[in-house]
Amino acid sequence: MTAARTIGKQLPRNILRPNNKQHGPGVKQCRCRICDKTYEYDASLGTEFCGRPTCRWEALPNEKKIKIAIDAGVGKQFIRNGKVPTIEKFPLDIEVGYNQSTLLVGPVNTRKSWLMCCLAVDALRNGVQAKIINWSRFKRRVRSSYQPAGDETEMHIFDHYNRIGVLCIDDVGVGIDDQGRETKAAVDMMYDLIDQRYFNNQPIHMTANIDPGQLADAYGPRVARRIREMCTVIPMTEVAK
Ligand SMILES: [Zn+2]
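Residues numbered from 1 in each chain as written. Predicted model: local features only at pLDDT ≥ 70, side-chain atom pairs only at ≥ 80, totals over all residues.

Undergrad: How should the overall build of the protein be read in this particular structure?
TA: From N to C terminus, the protein includes 8 helices and 7 strands. Counting across all 241 residues of the protein, residues that qualify as buried make up 28%. (Helix = DSSP H or I, 4+ residues; strand = E, 2+ residues; numbered from the N terminus. Buried ≥ 20, exposed ≤ 12 C-beta atoms within 10 Å, placed from the backbone.)

Undergrad: What is the right way to read the nonpolar core from this model?
TA: Side chains of a nonpolar character, in soluble globular proteins, are inclined to be buried together. Formed by 43 residues in total, the largest nonpolar core has its most connected members in Val74, Ala120 and Cys168. Within the residue set of this core, elements represented by two or more residues are strand S3 (102-105), helix H4 (112-125), strand S4 (130-134), helix H5 (135-144), strand S5 (166-170), helix H7 (184-200), strand S6 (204-208) and helix H8 (212-230). Valine 74 has contacts with Ala69, Val84, Pro85, Cys117, Ala120, Val121 and Ile132, leaving out every residue within four places of it along the chain. (Core = buried A, V, L, I, M, F, W, Y, C linked by C-beta atoms within 7 Å. Contact = placed C-beta atoms within 7 Å.)

Undergrad: Just to check I follow, could you spell out the environment of valine 96 for this structure?
TA: Tracing the backbone shows valine 96 in the loop between helix H3 (62-71) and S3. For the pair valine 96 and threonine 232, spaced 136 residues apart in sequence, the C-alpha separation works out to 9.2 Å. Setting aside residues up to four positions removed in sequence, valine 96 forms contacts with Ile87, Thr102 and Leu119.

Undergrad: Is there a simple way to think about the sheet that holds S5 in this case?
TA: Hydrogen bonds between backbone groups are what pair the strands of a sheet, and the pairing can be parallel or antiparallel. The strand order across the open sheet formed by 5 strands is S4-S5-S6-S3-S7, and the pairing between neighbours is parallel. In this open sheet, the two strands that pair with only one neighbour each are S4 and strand S7 (232-235). Each strand axis lies, on average, 15° off the axis of its neighbour in the sheet, ignoring direction. The pairing of S5 with S6 spans 3 bridges and is classified as parallel. Bridging from a neighbouring strand, isoleucine 169 pairs with methionine 206 of S6. (Pairing = 2+ DSSP bridges. Axes fitted to C-alpha atoms, helices over the stretch in contact; angles between N-to-C directions.)

Undergrad: Help me understand H8, please; the structure alone is not making it clear to me.
TA: Note on helix geometry: an α-helix contains 3.6 residues per turn, so any two residues three or four positions apart are oriented the same way. End to end, H8 covers just 13 Å across 19 residues, shorter than the expected 27 Å (1.5 Å per residue, more than 12% under). A maximum bend of about 130° is found in H8 at glycine 220, where proline proline 221 lies one to four positions downstream. On its buried side, H8 packs onto S3, H7 and S6. (Expected span 1.5 Å × (residues − 1). Bend = angle between axes of the 7 residues up to and from the residue.)

Undergrad: How should the packing of H7 against H8 be read in this particular structure?
TA: When two helices pack together, their arrangement is given by the angle between their axes and by how far apart the axes lie. With their axes 10 Å apart at the nearest point, H7 and H8 run at an angle of 30° to one another. Relative to H8, H7 is oriented roughly parallel. By crossing handedness, the relation of H7 to H8 is classed as left-handed. In this structure, H7 contributes Val187, Met190, Tyr191, Ile194, Asp195 and Tyr198 to the contact, and H8 contributes Tyr219, Gly220, Arg222, Val223, Arg226, Ile227, Glu229 and Met230. (Parallel < 35°, antiparallel > 145°, perpendicular 65-115°, else oblique. Left-handed = near helix turned anticlockwise from the far one by under 90°.)

Undergrad: It is not clear to me how unusual backbone geometry should be interpreted in this structure. Could you clarify?
TA: For residues other than glycine, phi is negative in most cases, and the peptide bonds are mostly trans. Even without being a glycine, aspartate 36 presents a positive backbone phi close to 75°. Examined against the element boundaries, aspartate 36 turns out to sit in the loop between strand S1 (29-31) and strand S2 (38-40). Aspartate 36 gets classed as partly exposed once you count the C-beta atoms within 10 Å, which come to 14. At asparagine 201, a position not held by glycine, the phi torsion is positive, near 60°.

Undergrad: Honestly, the environment of alanine 72 in this entry has me stumped. Any pointers?
TA: Inspection of the secondary structure assignment puts alanine 72 in the loop between H3 and S3. Spatially, the C-alpha atoms of alanine 72 and valine 121 are 8.6 Å apart, while their sequence positions differ by 49 residues.

Undergrad: Hey, could you run me through the confidence of the model for the protein in this one?
TA: Parts of the model with low pLDDT should not have their predicted coordinates read in detail. Chain-level statistics for the protein give a pLDDT mean of 87 and a share of 88% at 70 or above. This model gives residues 1-15 a pLDDT under 50, and the stretch forms 13 contacts once residues within four places in sequence are excluded. Segment residues 19-24 is flagged for pLDDT under 50; beyond a separation of four residues in sequence, or across chains, it makes 4 contacts in the model. (pLDDT = per-residue confidence, 0-100.)

And the structure:
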């Protein structure tokens, strides 16, 4: 990323400062230190960076990026050398981005969760809220909301996740029984999550250690159809260490 490298670089002398009036009365032009574009001064933006989300993200100190990523559910094991995982650093032949839904399939140790974290970070740096949830834990949370003493309702949980720009669901294959089926309650939960996002045009990313055929058997035709309509299936293969 050339943009990141320009942080902290000495500003060239011809940079227009906000008090520079050469562009006419009242017009104050600044140049963004990240993307190098000129922008009109605005008190909320300051004089260093333009309002583009990617520039605001690049300008953040690493510790702040890490905190935001961890809050979004990025596993600490994916924070390496004090940096958040990025798509650019992930070895993958095809182009992926946060706004194109994916289903990452493959056995364990194929870096599915790592790639999903990269996609979540990609959303964050573009100013889009992202959240990574673990499918088993999500099901448990919804189930516990059925208890009379539960402190949240099922509706609250679904409302919350439906509002999140990019939802990432880790380990979707977990919880399938010996016959290769999910419970009816879990199938309904999955359908509710996906269907809302389908109609709101909100991306979803999922990892599964079973193939799309097994996933269709486990979740039934309604869920399978939605996944097919929304997601690019990305088979992940084991990498030599
Ligand atoms: Zn910029």
